[in-house]
Amino acid sequence: MKKCIINFRKNFFGGKIVSDKSESLTKLEEDEKYNRLTALKLFAMTSSMVISVNELAPFGKTGPTAVFYLLLAGLIWFVPITQMAGEMASVDGWDKGGIFTWVKGSLGDRAGWTAMFYQWIHITVGMNTMMYVIIGALSITFDTPWFNTTPSIRFLLMMVIIWSITLVEMVGVKKIGHIAEWLFGLGIALPVILLIITFFVYLFQGRPLYMHLSWNNIFPHHLTGATLVAFVPFVLAFCGGEASAPHAKYLENPKKYSTVMLALAVTAISFDLLGSTAIGMTIPKDQIQNSTGFVYAFGKILDSIGLPGDVIKKFIGVLLAAGIIGELGNWLAGPSQGMFEAAKEGYMPKFFAKSTDRDVPMRLIVLQTLIVTASAILITFTSGKNSDFAFNVSLAATTAQYLMVYILMLISYIVLKVKHGNLKRSYYMTRSKGLGVITVVAFFISFIPAQGTPTELKGVYVWTMIGLCLIVTILPLVIYHYHHRFKQTKYKQKN
């Protein structure tokens, strides 16, 4: 622990800057060898950023139309997005920096920087959603509902979680990949697979179903505000596939990136579809809560099929918390790599263009954690005892901010196809005409309060959404205004 703290102080507050070219190249080769990833490890890292149990309870609460929404978001939106990311990442010279490099290559510096900033900062709100689920799972595990209903306790636990993960980030991409692989398997994949298995046992035993699927009820018959708002979380469920693109440079075979993305699409759709259906069919709608819904549903199903649900769900709660912690770790590491590339090129103050000995942009990660802390204060304390309201606001704000990333990404991809068709690339996506429409519509309807929002909190919901999106829109433009000054004083980097 002492050694870890010393390394943190050395790498964050300052360290030796490599100036000799040969030494720099040698160091870079060592770092790349240390961080080398197999396709399986990249799949695990990306899966833990996309496949999550956070939305399964809200999906189950949506009812039969959840099946339609999942297939629409998964097949018409997510699959093309991953294909687009695969093509843009495969363009010669675009394999480093992720969405920053892609948008910059098509639309120029200002747009590239803005897209990267949107991607990096959106998750500061999204991490609150993840931590609410962790705390909800632990509140069931330890029979401490006040974890969820006392804002000060909820906030304290969030700080312990996020700052502990921040310290762990110092170990580097390779070890984070190992950790993500295990935590995804044990904390995300295993609980969902067990839920699906117990659900089939539940069906085999002929237990009562609280949701029935038919061609008449899976399609929404009226396009109302409630119908449109219900669709938004399904888009967010599939966001993040492109966030691991900066790690593609560490793949043993970079051309396997598109294969990893395709496997991810199939896996994500299957997990979400089966997991949400299991919850919606076995638990009455009025008993499903967003932050505690998965663990609660698991216990209820186990009790129904004759197993000790009260005991087993506590164990599942611990696994689930561990899995989401791994997801948080990847969301700190992935987008920060792209921001680090931008900082090295002078788009941020030179202070942030410094990494650790293992090429971890620790200063940027700490900055992101500070922003997470600020957003946690805003959302957690304005929601009071209503944990579901806090969950809904953070979920909607995350969706809106991330869709801003995809809008820029879509525009840059269109420009790439129209104006830069001569650029060499190793992968081409198939066309999808509905992709842009879904992205833009989902962005605007995310500002409508979710169904069930208390009347007295609807104004808080809307103004919090507007305020967060305005701040995120203005900040990158202000920072870019001073980027010429940053470039004049930037550090000499390892590359």
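Quick notes on the rules
Residues numbered from 1 in each chain as written. Predicted model: local features only at pLDDT ≥ 70, side-chain atom pairs only at ≥ 80, totals over all residues. Heavy atoms only, no water. Helix = DSSP H or I, 4+ residues; strand = E, 2+ residues; numbered from the N terminus. Contact = heavy atoms within 4.5 Å. Phe/Tyr/Trp six-rings, centres within 6.5 Å; stacked < 30°, edge-to-face > 60°. pLDDT = per-residue confidence, 0-100. Salt bridge = Lys/Arg side-chain N within 4 Å of Asp/Glu carboxyl O.

Chemist: Residues and numbers for the environment of Phe199, please.
Modeler: In this fold, Phe199 is placed in helix H10 (residues 173-204). Remark: the alpha-carbon pair of Phe199 and Ile301, spanning 102 residues in sequence, is separated by 7.1 Å. Apart from residues lying up to four places away in sequence, Phe199 is in contact with Thr277, Ala278, Met281, Thr282 and Ile301.

Chemist: Tell me what's going on with the packing of aromatic side chains, and back it up with residues and numbers.
Modeler: Both the distance between ring centres and the angle between the ring planes are used here to describe each pair of aromatic rings. In the structure shown here, the tally under the stated rule is 21 aromatic pairs. One aromatic cluster is present, formed by Phe59, Phe68, Tyr69, Trp215, Phe219, Phe231 and Phe234 through successive ring pairs.

Chemist: Describe in detail the confidence of the model for the protein, supporting the description with residues and values.
Modeler: A residue-level look at the protein finds 85% of positions with pLDDT of 70 or above and a mean pLDDT of 80. Per-residue pLDDT stays below 50 along residues 11-21; that stretch engages in 21 contacts with residues further than four places along the chain or on separate chains.

Chemist: Mind laying out the pattern of salt bridges, listing which residues take part and the relevant values?
Modeler: A complete count under the given rule lists 4 salt bridges for this structure. Of the charged contacts in the structure, one is a salt bridge between Lys417 and Glu87, with a shortest N-O distance of 3.2 Å. With Lys417 in helix H16 (residues 387-419) and Glu87 in helix H5 (residues 65-90), this residue pair connects regions lying 330 residues apart in the sequence. When the shortest N-O distance is used, the salt bridge between Lys313 and Asp310 registers 3.8 Å.

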